[in-house]
Structure formats: C-alpha cells, structure tokens
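Inside the fold
Chain residues, written in single-letter form:
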Amino acid sequence: QLQLVESGGGLVQPGGSLRLSCAASGFTLGYANIGWFRQAPGKEREGVSYISSSGRSTYYADSVKGRFTISRDNAKNTVYLQMNNLKPEDTAVYYCARDQTGRGRLLRTADFGSWGQGTQVTVSS
C-alpha cells in the first residue's frame, strides 16, 4: 500500500514553532514530489508547500512564505515542514500528499494522492 503518515502537530501559542513530519510507507519517498496542504474548519483545503523529489525545488503559498520551510531526508523516507512564527490563522489539519501528475508545484489538490490522515495544528493563546 502507498501510505503517508503525518505527525508533529499540537497546540502552540502565537509566535511559536512546530515541525511536522510526513513519513512514507509502501513506496520510496525519494522518488516522489510531496506537498503539504491544510484545511481549517469551514474552509477549502489549501496548498501550503511543495518539494521536488530531489529537494532542489520548493514552493510556498504566499501566506506562509518566510515563516515555513519544507525539507526532506530521503534516507529516512521523510518530508518535514518547519513552521515558525505561527499565527492563529495557521490553525488547521495539515496533510501531506504525493504528486501524481508532475505538476505538484502548482499546489492544486487534484494533482495529489496518497493523502495521509492529517495532524492537527492549533495556534492559540
């Protein structure tokens, strides 16, 4: 089975940091472009960040540029999302997914599959 598992979410105060992990099972993560998405209550799922299989290309939504950093360790079959200076509007369930079309850098949900179960990030004082 092709599966992704997100972890690392939690409750943090505004201005705090979290590092999310996306681990692959059933396929070699190093072969796949990976995207991070998030979905807040009552809102559509939105793209957050993207990283190519090699790690040499990354893309970010405007809302997180300068605050979030995507990276990967292919030896550990894991992609990370370092989130700094978190804001209440970052509160959402965060998902990782595999680019199925080769156009994942556009951060369109329809281009992705093998979605994980999500990890909750709550930013609140």
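Worth saying up front: this structure is predicted, and the values here are computed from it rather than measured.

Conventions we followed
Each residue is numbered by its place in its chain's sequence as written, counting from 1. In view of the model being predicted, local features appear only for residues whose pLDDT reaches at least 70, and side-chain atom pairs are presented and counted only at 80 or more, with totals across whole chains, interfaces and linings using the full set of residues. Hydrogens and water are ignored here; the side-chain numbers use all heavy atoms of the structure. Note on conventions: DSSP H or I runs of at least 4 residues are helices, E runs of at least 2 residues are strands, and numbering of each starts at the N terminus. Just to be clear, the radius of gyration here is over C-alpha atoms, and the globule rule we use is 2.2 Å times residues to the power 0.38. Aromatic rings from Phe, Tyr and Trp, with only the six-membered ring used for Trp, were paired whenever their centres fell within 6.5 Å, and each pair was classed as stacked if the ring planes differed by under 30 degrees, edge-to-face if by over 60, and tilted otherwise. Throughout this description, buried means an accessible area under 20% of the type-specific maximum (1.4 Å probe, protein chains only), exposed means over 50%, and partly exposed covers the range between. Our definition puts a charge over a ring when NZ of Lys or CZ of Arg is within 6 Å of the ring centre and also within 35 degrees of the ring normal. Should DSSP find at least two bridges between two strands, the strands are taken to pair. One side-chain nitrogen of Lys or Arg within 4 Å of one carboxyl oxygen of Asp or Glu is enough to make a salt bridge. By convention in this document, the label disulfide applies to cysteine sulfur atom pairs within 2.5 Å.

Tallying secondary structure elements over the protein gives zero helices and eleven strands in all. Each helix (α) and strand (β) of the protein, taken in turn from the N terminus, gives the series β-β-β-β-β-β-β-β-β-β-β. The C-alpha radius of gyration of the protein comes to 13 Å, within 12% of the 14 Å expected for a compact globule of 125 residues. Viewed in the frame of its principal axes, the protein has a C-alpha envelope of about 40 × 25 × 25 Å.

If you walk through the whole model with that rule in mind, you get five aromatic pairs. With a centroid separation of 5.8 Å and an interplanar angle of 50°, the aromatic rings of Tyr-50 and Tyr-59 are classed as tilted. Here the aromatic rings of Tyr-95 and Trp-115 are separated by 6.4 Å at their centres, their planes lie at 85°, and the arrangement is edge-to-face. Placement of the pair is Tyr-95 in strand 9 (residues 92-99) and Trp-115 in the loop between strand 10 (112-113) and strand 11 (119-123), with a sequence separation of 20 residues. Take Tyr-95: its relative accessible area is 13%, and that puts it in the buried class. By the ring-pair criterion, three or more aromatic residues cluster together here, those being Phe-37, Tyr-95, Phe-112 and Trp-115. Of note, Arg-45 hangs over the ring of Tyr-95, and the distance from its end group to the ring centre comes to 3.9 Å. Seen from the ring of Trp-115, Arg-45 lies directly overhead, with NZ or CZ sitting 4.8 Å from the centre.

This part is about the pairing of strand 9. The buried count for strand 9 comes to six of eight residues, which makes it a mostly enclosed element. Of the strand pairs in this sheet, strand 4 (residues 34-39) and strand 9 are connected by six bridges, and their pairing is antiparallel. Residue pairing for strand 9: Phe-37 is matched across the bridge by Tyr-95. Where strand 9 lies against strand 11, three bridges are found, and the strand directions are antiparallel.

Moving on, we get to the pattern of salt bridges. Pairs may arise between side chains of opposite charge once their charged atoms sit close together. This structure, assessed with the given rule, holds five salt bridges. Residue Arg-38 is joined to Glu-46 by a salt bridge in which the shortest nitrogen-to-oxygen separation is 2.7 Å. Measuring nitrogen to oxygen at the nearest pair gives 4.0 Å for the salt bridge that ties Arg-103 to Asp-111. Take Asp-111: its relative accessible area is 7%, and that puts it in the buried class. Here the salt bridges do not stand alone but share partners, grouping Arg-38, Glu-46, Arg-67 and Asp-90 into one network.

Right, let's get into the state of the cysteines. According to the stated counting rule, one finds one disulfide in the structure shown. Sulfur-sulfur distance for the disulfide between Cys-22 and Cys-96 comes to 2.1 Å. Between Cys-22 and Cys-96, the S-S dihedral sits near 80°, and the bridge is therefore right-handed. You can see Cys-22 sitting in strand 3 (residues 18-25) and its partner Cys-96 sitting in strand 9, a full 74 residues away along the chain.

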